[in-house]
Amino acid sequence: MATDLFDLKGKIALVTGGTHGLGMAIAVGLAEAGAKIIVNDLSAEKLENAKNEYSKKGIDVSAYLFDVTDEASVDKGITTIEKEVGPVDILVNNAGIIRRIPLLDMEVPEFELVMKVDVTGPFIMSKRVVKSMVTRGKGGKIINMCSMMSEVGRHSVGAYAAAKGGLKMLTKNMAVEWARYNIQVNGIAPGYFATEQTAPIRVDGHPFNELIMTRTPMNRWGHPDELQGTAVYLASKASDFVTGILIYVDGGMLATLGKTKLEE
Ligand SMILES: NC(=O)c1ccc[n+]([C@@H]2O[C@H](COP(=O)([O-])OP(=O)(O)OC[C@H]3O[C@@H](n4cnc5c(N)ncnc54)[C@H](O)[C@@H]3O)[C@@H](O)[C@H]2O)c1
(Lines give C-alpha, C1' and ligand atoms only; values in the text may rest on other atoms or scores of the structure.)
Protein backbone atom coordinates (compact mmCIF):
# COMPACT_ATOMS: atom_id res chain seq x y z
CA MET A 1 0.00 0.00 0.00
CA ALA A 2 1.33 3.44 -0.87
CA THR A 3 0.33 4.75 2.56
CA ASP A 4 2.62 2.14 4.20
CA LEU A 5 5.54 4.01 2.66
CA PHE A 6 4.99 6.78 5.23
CA ASP A 7 4.78 4.45 8.24
CA LEU A 8 7.48 5.21 10.84
CA LYS A 9 6.57 2.46 13.33
CA GLY A 10 9.70 0.98 14.92
CA LYS A 11 11.82 4.02 14.00
CA ILE A 12 13.57 6.30 16.48
CA ALA A 13 13.70 10.02 15.62
CA LEU A 14 15.87 12.63 17.35
CA VAL A 15 14.80 16.26 16.85
CA THR A 16 17.43 18.69 18.13
CA GLY A 17 16.01 21.75 19.90
CA GLY A 18 12.62 20.07 19.53
CA THR A 19 11.23 21.50 22.76
CA HIS A 20 8.75 23.89 21.10
CA GLY A 21 8.03 25.80 17.88
CA LEU A 22 8.74 24.24 14.50
CA GLY A 23 10.83 21.41 15.98
CA MET A 24 7.94 20.32 18.20
CA ALA A 25 5.48 20.48 15.29
CA ILE A 26 7.78 18.23 13.27
CA ALA A 27 8.34 15.85 16.19
CA VAL A 28 4.57 15.53 16.71
CA GLY A 29 4.15 14.69 13.00
CA LEU A 30 6.86 12.02 13.18
CA ALA A 31 5.27 10.59 16.37
CA GLU A 32 1.84 10.46 14.72
CA ALA A 33 3.44 8.53 11.84
CA GLY A 34 4.65 5.99 14.43
CA ALA A 35 8.19 7.05 15.41
CA LYS A 36 9.54 7.07 18.96
CA ILE A 37 10.59 10.68 19.67
CA ILE A 38 13.71 12.02 21.38
CA VAL A 39 14.40 15.72 21.79
CA ASN A 40 17.40 17.59 23.11
CA ASP A 41 18.02 21.20 24.07
CA LEU A 42 20.41 23.49 25.93
CA SER A 43 17.96 24.31 28.69
CA ALA A 44 16.76 21.85 31.37
CA GLU A 45 13.70 24.04 31.93
CA LYS A 46 12.70 23.89 28.24
CA LEU A 47 13.14 20.10 28.31
CA GLU A 48 10.89 19.77 31.39
CA ASN A 49 8.19 21.98 29.85
CA ALA A 50 8.45 20.06 26.59
CA LYS A 51 7.94 16.73 28.38
CA ASN A 52 4.64 18.10 29.76
CA GLU A 53 3.58 19.50 26.38
CA TYR A 54 4.29 16.23 24.56
CA SER A 55 2.57 14.26 27.30
CA LYS A 56 -0.58 16.45 26.91
CA LYS A 57 -0.54 15.41 23.23
CA GLY A 58 -0.27 11.73 24.25
CA ILE A 59 3.37 11.47 23.14
CA ASP A 60 5.95 9.80 25.35
CA VAL A 61 9.13 11.74 24.61
CA SER A 62 12.68 11.11 25.84
CA ALA A 63 14.53 14.35 26.58
CA TYR A 64 18.29 14.94 26.80
CA LEU A 65 20.32 17.97 27.78
CA PHE A 66 23.33 18.64 25.55
CA ASP A 67 24.80 21.27 23.28
CA VAL A 68 24.87 20.34 19.58
CA THR A 69 28.02 22.43 19.07
CA ASP A 70 30.10 20.57 21.67
CA GLU A 71 31.50 17.39 20.13
CA ALA A 72 32.28 15.68 23.46
CA SER A 73 28.77 16.40 24.83
CA VAL A 74 27.17 15.21 21.60
CA ASP A 75 29.15 11.97 21.76
CA LYS A 76 28.13 11.44 25.39
CA GLY A 77 24.49 12.37 24.64
CA ILE A 78 24.15 10.04 21.64
CA THR A 79 25.92 7.18 23.47
CA THR A 80 23.44 7.56 26.35
CA ILE A 81 20.48 7.73 23.94
CA GLU A 82 21.66 4.57 22.18
CA LYS A 83 21.87 2.73 25.54
CA GLU A 84 18.63 4.06 27.03
CA VAL A 85 16.34 4.33 23.99
CA GLY A 86 18.04 2.75 21.00
CA PRO A 87 19.85 3.74 17.81
CA VAL A 88 18.70 6.85 15.98
CA ASP A 89 17.12 6.13 12.57
CA ILE A 90 16.01 9.70 11.82
CA LEU A 91 17.94 12.83 12.81
CA VAL A 92 16.30 16.25 12.42
CA ASN A 93 18.91 19.01 12.81
CA ASN A 94 16.42 21.63 13.97
CA ALA A 95 18.33 23.52 16.70
CA GLY A 96 19.31 26.91 15.32
CA ILE A 97 19.76 30.55 16.20
CA ILE A 98 19.37 33.87 14.41
CA ARG A 99 20.95 37.24 15.21
CA ARG A 100 19.27 40.24 13.59
CA ILE A 101 22.25 42.62 13.30
CA PRO A 102 23.30 44.51 10.13
CA LEU A 103 26.66 43.18 8.91
CA LEU A 104 28.43 46.51 9.43
CA ASP A 105 27.47 46.45 13.12
CA MET A 106 28.10 42.76 13.68
CA GLU A 107 31.07 41.66 15.77
CA VAL A 108 33.03 38.60 14.65
CA PRO A 109 32.18 36.47 17.76
CA GLU A 110 28.45 37.02 17.09
CA PHE A 111 28.87 36.01 13.43
CA GLU A 112 30.87 32.95 14.45
CA LEU A 113 28.27 31.89 17.01
CA VAL A 114 25.54 31.78 14.34
CA MET A 115 27.80 29.73 12.05
CA LYS A 116 28.68 27.43 14.96
CA VAL A 117 25.11 26.60 15.95
CA ASP A 118 23.53 26.59 12.47
CA VAL A 119 26.26 24.85 10.43
CA THR A 120 28.86 23.26 12.75
CA GLY A 121 26.10 21.87 15.04
CA PRO A 122 24.39 19.86 12.24
CA PHE A 123 27.85 18.67 11.10
CA ILE A 124 28.81 17.42 14.59
CA MET A 125 25.40 15.80 15.20
CA SER A 126 25.20 14.13 11.80
CA LYS A 127 28.77 12.84 11.92
CA ARG A 128 28.16 11.14 15.30
CA VAL A 129 24.74 9.69 14.41
CA VAL A 130 25.86 8.55 10.95
CA LYS A 131 28.84 6.65 12.42
CA SER A 132 26.31 4.46 14.31
CA MET A 133 24.05 4.19 11.24
CA VAL A 134 27.01 2.94 9.18
CA THR A 135 27.94 0.37 11.84
CA ARG A 136 24.35 -0.93 11.96
CA GLY A 137 24.13 -1.06 8.15
CA LYS A 138 20.40 -0.27 8.01
CA GLY A 139 20.57 3.16 6.38
CA GLY A 140 18.97 6.27 7.86
CA LYS A 141 17.51 9.71 7.29
CA ILE A 142 18.93 13.14 8.07
CA ILE A 143 16.76 16.26 7.75
CA ASN A 144 18.43 19.67 8.05
CA MET A 145 16.28 22.70 8.90
CA CYS A 146 17.27 25.27 6.33
CA SER A 147 15.48 28.52 5.48
CA MET A 148 14.36 30.89 2.73
CA MET A 149 17.68 32.52 3.65
CA SER A 150 19.40 29.43 2.18
CA GLU A 151 18.46 31.12 -1.13
CA VAL A 152 17.88 34.85 -0.64
CA GLY A 153 19.21 37.62 1.56
CA ARG A 154 17.46 40.22 3.68
CA HIS A 155 18.60 43.20 5.71
CA SER A 156 20.11 42.36 9.11
CA VAL A 157 20.25 38.59 8.71
CA GLY A 158 23.62 38.23 6.94
CA ALA A 159 25.15 35.73 9.37
CA TYR A 160 21.99 33.61 9.39
CA ALA A 161 21.79 33.65 5.57
CA ALA A 162 25.48 32.67 5.34
CA ALA A 163 24.85 29.84 7.79
CA LYS A 164 21.64 28.54 6.22
CA GLY A 165 23.17 28.81 2.73
CA GLY A 166 26.10 26.82 4.12
CA LEU A 167 23.71 24.26 5.60
CA LYS A 168 22.12 23.81 2.16
CA MET A 169 25.52 22.92 0.68
CA LEU A 170 26.41 20.75 3.67
CA THR A 171 23.13 18.88 3.03
CA LYS A 172 24.13 18.21 -0.58
CA ASN A 173 27.61 17.07 0.38
CA MET A 174 26.39 14.78 3.15
CA ALA A 175 23.93 13.30 0.64
CA VAL A 176 26.73 12.61 -1.83
CA GLU A 177 29.12 11.09 0.73
CA TRP A 178 26.57 8.98 2.59
CA ALA A 179 24.44 7.68 -0.30
CA ARG A 180 26.69 4.58 -0.33
CA TYR A 181 25.38 3.74 3.18
CA ASN A 182 21.72 4.13 2.09
CA ILE A 183 21.45 7.31 4.16
CA GLN A 184 19.33 10.06 2.62
CA VAL A 185 20.07 13.66 3.60
CA ASN A 186 17.62 16.42 2.71
CA GLY A 187 16.53 19.81 3.96
CA ILE A 188 13.27 21.52 4.83
CA ALA A 189 13.27 25.24 4.18
CA PRO A 190 10.32 26.86 5.96
CA GLY A 191 8.93 30.18 4.81
CA TYR A 192 7.24 32.43 7.37
CA PHE A 193 5.33 30.61 10.07
CA ALA A 194 2.81 31.69 12.68
CA THR A 195 4.74 30.92 15.88
CA GLU A 196 4.70 32.60 19.29
CA GLN A 197 7.69 34.75 18.29
CA THR A 198 5.94 36.11 15.19
CA ALA A 199 2.65 36.90 16.99
CA PRO A 200 3.45 40.62 17.56
CA ILE A 201 4.17 41.25 13.86
CA ARG A 202 1.31 39.17 12.47
CA VAL A 203 -1.13 42.05 12.66
CA ASP A 204 -2.80 44.17 9.96
CA GLY A 205 -0.77 47.28 9.20
CA HIS A 206 2.55 45.95 10.49
CA PRO A 207 5.15 46.44 7.71
CA PHE A 208 6.46 42.89 8.07
CA ASN A 209 2.96 41.45 7.86
CA GLU A 210 2.46 43.55 4.68
CA LEU A 211 5.68 42.07 3.26
CA ILE A 212 4.48 38.51 3.89
CA MET A 213 1.10 39.23 2.32
CA THR A 214 2.53 40.83 -0.84
CA ARG A 215 5.35 38.30 -1.23
CA THR A 216 3.42 35.06 -0.55
CA PRO A 217 1.14 33.81 -3.35
CA MET A 218 -0.85 31.84 -0.76
CA ASN A 219 -1.43 35.20 0.93
CA ARG A 220 -0.97 34.00 4.50
CA TRP A 221 1.51 32.81 7.10
CA GLY A 222 2.19 29.08 7.35
CA HIS A 223 0.99 26.99 10.28
CA PRO A 224 3.76 24.91 11.97
CA ASP A 225 1.67 21.73 11.42
CA GLU A 226 2.09 22.33 7.69
CA LEU A 227 5.71 21.15 8.00
CA GLN A 228 4.62 17.70 9.18
CA GLY A 229 3.83 16.19 5.77
CA THR A 230 7.24 17.16 4.38
CA ALA A 231 9.02 15.90 7.51
CA VAL A 232 7.22 12.53 7.46
CA TYR A 233 7.94 12.18 3.74
CA LEU A 234 11.67 12.90 4.15
CA ALA A 235 11.87 10.60 7.22
CA SER A 236 10.13 7.66 5.55
CA LYS A 237 10.59 4.99 2.90
CA ALA A 238 8.55 7.22 0.57
CA SER A 239 11.71 9.29 -0.03
CA ASP A 240 14.25 6.46 -0.32
CA PHE A 241 15.46 7.65 -3.77
CA VAL A 242 15.41 11.35 -2.84
CA THR A 243 18.61 12.84 -1.48
CA GLY A 244 20.47 16.16 -1.45
CA ILE A 245 17.42 18.37 -2.01
CA LEU A 246 15.67 21.12 -0.08
CA ILE A 247 11.89 21.29 0.03
CA TYR A 248 10.68 24.86 0.40
CA VAL A 249 7.49 25.00 2.44
CA ASP A 250 6.83 28.67 1.79
CA GLY A 251 3.39 29.22 0.26
CA GLY A 252 5.10 29.90 -3.08
CA MET A 253 7.22 32.84 -1.87
CA LEU A 254 10.37 31.79 -3.70
CA ALA A 255 8.41 31.33 -6.94
CA THR A 256 7.67 35.03 -7.34
CA LEU A 257 9.06 38.54 -7.09
CA GLY A 258 5.85 39.50 -5.30
CA LYS A 259 2.84 41.50 -6.42
CA THR A 260 1.99 45.18 -6.60
CA LYS A 261 -1.18 46.92 -5.45
CA LEU A 262 -2.17 46.93 -9.18
CA GLU A 263 -2.78 43.18 -9.02
CA GLU A 264 -5.07 43.23 -5.99
N1 LIG B 1 10.55 30.09 12.90
C2 LIG B 1 10.61 30.21 11.57
O3 LIG B 1 9.73 30.83 10.95
C4 LIG B 1 11.74 29.57 10.80
C5 LIG B 1 11.84 29.82 9.43
C6 LIG B 1 12.87 29.19 8.72
C7 LIG B 1 13.75 28.34 9.37
N8 LIG B 1 13.65 28.14 10.70
C9 LIG B 1 14.60 27.21 11.32
O10 LIG B 1 13.87 26.15 11.93
C11 LIG B 1 14.50 25.75 13.13
C12 LIG B 1 13.53 25.88 14.30
O13 LIG B 1 13.03 27.19 14.34
P14 LIG B 1 12.28 27.76 15.61
O15 LIG B 1 11.78 29.11 15.24
O16 LIG B 1 11.31 26.75 16.14
O17 LIG B 1 13.52 27.93 16.59
P18 LIG B 1 13.56 28.27 18.16
O19 LIG B 1 14.62 29.26 18.39
O20 LIG B 1 12.20 28.58 18.66
O21 LIG B 1 14.00 26.86 18.75
C22 LIG B 1 15.27 26.33 18.53
C23 LIG B 1 15.68 25.54 19.75
O24 LIG B 1 17.05 25.15 19.57
C25 LIG B 1 17.69 25.22 20.82
N26 LIG B 1 19.11 25.38 20.65
C27 LIG B 1 19.78 26.49 20.23
N28 LIG B 1 21.10 26.27 20.24
C29 LIG B 1 21.28 24.99 20.66
C30 LIG B 1 22.42 24.18 20.88
N31 LIG B 1 23.66 24.66 20.68
N32 LIG B 1 22.24 22.91 21.31
C33 LIG B 1 21.01 22.42 21.52
N34 LIG B 1 19.88 23.15 21.33
C35 LIG B 1 20.02 24.41 20.91
C36 LIG B 1 17.08 26.46 21.49
O37 LIG B 1 17.26 26.41 22.90
C38 LIG B 1 15.63 26.36 21.06
O39 LIG B 1 14.85 25.68 22.02
C40 LIG B 1 15.76 26.62 13.26
O41 LIG B 1 16.85 25.94 12.70
C42 LIG B 1 15.40 27.84 12.43
O43 LIG B 1 16.53 28.49 11.93
C44 LIG B 1 12.67 28.74 11.44
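As the structure is a computational prediction, the values presented were derived from the model and not from experiment.

1. Side note on the pairing of strand β6 (residues 183-190)
Inference 1: With respect to burial, β6 is a largely interior element, eight of its eight residues being buried.
Inference 2: Residues I183, V185, G187 and A189 of β6 are buried on one face, and the alternating residues Q184, N186, I188 and P190, pointing to the opposite face, are buried as well.
Inference 3: Examined bridge by bridge, strand β5 (residues 140-145) and β6 share six bridges and lie parallel to one another. Bridged to M145 within β6 is I188.
Inference 4: Assessed by its sense of winding, the connection that carries the chain from β5 through helix α5 (residues 158-178) to β6 is right-handed.
Inference 5: Strand direction decides the pairing type here: β6 and strand β7 (residues 246-249), joined by four bridges, are parallel.

2. Looking at the pattern of salt bridges
Inference 1: In total, this model carries 13 salt bridges according to the counting rule given.
Inference 2: Across the pair R128 and D75 runs a salt bridge whose closest N-O atoms are separated by 2.6 Å. Pair noted here: R128 is in helix α4 (residues 108-136) and D75 is in helix α3 (residues 71-84), with a separation of 53 residues, a long-range link.
Inference 3: Overlapping salt bridges, with partners in common, bring together D75, E82 and R128 in one network.

3. Some details on the packing of helix α1 (residues 21-32) against helix α7 (residues 228-235)
Inference 1: Where α1 contacts α7, the axes come no closer than 9 Å and their chain directions differ by 55°. One element, α1, and the other, α7, form an angle in the oblique class. The handedness of the crossing between α1 and α7 comes out as right-handed. Along its contact with α1, which presents A25, I26, V28, G29, L30 and E32, the element α7 presents Q228, A231, V232 and A235.
Inference 2: Partitioning the contact of α1 with α7 into residue classes produces seven nonpolar, two polar and one charged.

4. What to know about the site of the ligand
Inference 1: Among the 25 residues in the neighbourhood of the ligand, the closest are listed as H20, D41, D67, N94 and Y160.
Inference 2: The separation between an oxygen atom of the ligand and a polar side-chain atom of T19 is 3.4 Å.
Inference 3: The contact in question runs from an oxygen atom of the ligand to an N or O atom on the side chain of Y160, over 2.7 Å.
Inference 4: Relative to its unbound accessible area of 830 Å², the ligand is 87% covered by the protein chains.

5. Notes on the sheet that holds β6
By way of backbone hydrogen bonds, the strands of a sheet pair with one another, either parallel or antiparallel.
Inference 1: Within the open sheet, the seven strands sit side by side as β3-β2-β1-β4-β5-β6-β7. Their pairing is parallel. One side of each edge strand has no neighbouring strand; the edge strands of this open sheet are β3 (61-65) and β7. The mean angle between the axes of side-by-side strands here comes to 20°, regardless of whether they run parallel or antiparallel.
Inference 2: Across the sheet, α3 lies against β1 (12-16), β2 (36-41) and β3, angled at about 155° from β3, the strand it touches most.
Inference 3: Seen against the sheet, α5 touches β5, β6 and β7 and runs at an angle of roughly 160° to β6.

6. Description of unusual backbone geometry
Inference 1: Here S156, not a glycine, exhibits a phi torsion of approximately 75°, which is positive.
Inference 2: Structurally, S156 can be placed in the loop between β5 and α5.
Inference 3: For S156, a relative accessible area of 18% translates into the label buried.
Inference 4: Located in the positive-phi region is N219, a residue other than glycine, with phi close to 60°.
Inference 5: Tracing the chain through its elements places N219 in the loop between α6 (207-215) and α7.
Inference 6: Of the residues examined, N219 reaches a relative accessible area of 39% and is grouped as partly exposed.

Rules of the game
Position numbers for residues start from 1 in each chain and track the written sequence from start to end. Whole-chain, interface and lining totals are the exception, using all residues; otherwise, since this is a predicted model, local features are given only for residues with pLDDT of at least 70 and side-chain atom pairs are given and counted only at 80 or more. Side-chain numbers come from the whole structure's heavy atoms, not from hydrogens or water. For every residue, the accessible area obtained with a 1.4 Å probe (protein chains only) is divided by the maximum for its type, and the residue is called buried under 20%, exposed over 50%, and partly exposed between those limits. Runs of H or I in DSSP of at least four residues are treated as helices and runs of E of at least two as strands, each being numbered from the N terminus. Here the rule is simple: two strands pair whenever DSSP picks up at least two bridges between them. Handedness of a crossover: with both strands directed away from the viewer, a clockwise path from the first strand across the helix to the second marks it as right-handed. Salt bridge, as used here: a side-chain nitrogen of Lys or Arg that lies within 4 Å of a carboxyl oxygen of Asp or Glu. Interaxial angles span 0 to 180 degrees and are taken between N-to-C directions of axes, which are lines fitted to C-alpha atoms, for helices over the stretch in contact. With respect to orientation, any angle under 35 degrees is reported as roughly parallel, any angle over 145 as roughly antiparallel, any angle of 65 to 115 as roughly perpendicular, and every other angle as oblique. Left-handed describes a crossing whose near helix is turned anticlockwise from the far helix by less than a right angle; the clockwise case is right-handed. We call two residues in contact when some of their heavy atoms are within 4.5 Å. Nonpolar residues are Ala, Val, Leu, Ile, Met, Phe, Trp, Tyr, Cys and Pro. Charged residues are Asp, Glu, Lys and Arg, and all others, Gly as well, are polar. A molecule or strand has a residue near it when one of that residue's heavy atoms lies within 4 Å. Polar contacts here mean pairs of N or O atoms no more than 3.5 Å apart (in protein, one a potential hydrogen donor and the other a potential acceptor; neighbouring residues in sequence count only if both atoms are side-chain atoms). Residue exposure ignores everything except the shown protein chains as possible cover, and the areas themselves are Shrake-Rupley values with a 1.4 Å probe.

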